[in-house]
Amino acid sequence: MITFIRKYLILNVFFLFLGVCLFLGDGQQMLIDVVGAGGVLVLVLIAFLYGKRQRELPLTPTLLFGGTILYFCIRTIFSDDIGYSVYTTVRMVEAFIIFYILYCFATDEDRKV
């Protein structure tokens, strides 16, 4: 069991934080946001400290995510509810970071799990 956890450390941490956020329940939105953002930071630290990069991110997804995040940033400037726009922009950045980590650091064997 311990070797499975060490071998698939990035996936285990990702699904651990996903499970915690899933089962916190309704009315706990602020707590879920804090746990989710902390989980992304922990995932970044684990990936860059213990992970070995398996592949580079292609240019097309990078440009698409970059364009989407740029759109969200511009929308934030002209929004009536800036707080909500910043919130959605942070969520998009977190989504890109998770995609990047799972794409670049996951092995072919990880995808079979």
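See the structure printed just above.
None of the values given here were measured: they were computed from a predicted structure. (Residues numbered from 1 in each chain as written. Predicted model: local features only at pLDDT ≥ 70, side-chain atom pairs only at ≥ 80, totals over all residues. Heavy atoms only, no water.)

Engineer: Would you take a moment to explain the pattern of salt bridges for this structure?
Structural biologist: Pairing between side chains of opposite charge can happen when their charged atoms approach one another. Enumeration according to the criterion identifies one salt bridge in this entry. Between Glu 56 and Arg 53 there is a salt bridge whose closest N-O contact spans 3.4 Å. Looking at Glu 56, the relative accessible area reads 54%, which means it is exposed. According to the relative accessible area criterion, Arg 53 is partly exposed, its value standing at 36%. (Salt bridge = Lys/Arg side-chain N within 4 Å of Asp/Glu carboxyl O. Buried < 20%, exposed > 50% of the residue type's maximum accessible area, 1.4 Å probe, protein only.)

Engineer: Hey, could you run me through the side chain of Thr 89 in this one?
Structural biologist: Topologically, Thr 89 is positioned in helix α5 (residues 82-105). Setting aside residues no more than four positions away along its own chain, Thr 89 makes contact with Phe 72, Cys 73 and Thr 76. (Helix = DSSP H or I, 4+ residues; strand = E, 2+ residues; numbered from the N terminus. Contact = heavy atoms within 4.5 Å.)

Engineer: Would you mind showing me how to read helix α4 (residues 59-77) here?
Structural biologist: For an α-helix, 3.6 residues make a turn, and residues three or four places apart therefore share a direction. If you check α4, its first and last C-alpha atoms are 27 Å apart, about what 19 residues at 1.5 Å a residue would give, namely 27 Å. Ile 69, Phe 72 and Thr 76 are the residues of α4 that are buried. The buried residues of α4 occupy one face: seen down the axis, they fall within an arc of 55°. Away from the buried face of α4 by more than 90 degrees, exposed residues Leu 59, Thr 60, Leu 63, Leu 64, Leu 70 and Ile 77 are located. Those residues of α4 hidden inside the fold are in contact with α5. (Expected span 1.5 Å × (residues − 1). Arc of directions from axis to C-beta.)

Engineer: Which parts of the structure should I look at to understand the side chain of Thr 76?
Structural biologist: Its location among the elements puts Thr 76 in helix α4. Setting aside residues no more than four positions away along its own chain, Thr 76 makes contact with Ile 82, Ser 85, Val 86 and Thr 89.

Engineer: What is the right way to look at a nonpolar patch on the surface in this model?
Structural biologist: Taken together, Leu 70, Ile 74, Ile 77 and Phe 78 make up a surface patch of nonpolar side chains, about 470 Å² in accessible area. Topologically, Ile 77 is positioned in helix α4. (Patch = residues over 30% accessible without salt bridge, like charges linked within 9 Å, V, L, I, M, F, W, Y side chains within 5 Å. Areas by Shrake-Rupley, 256 points an atom, 1.4 Å probe, with all protein chains shown as cover.)

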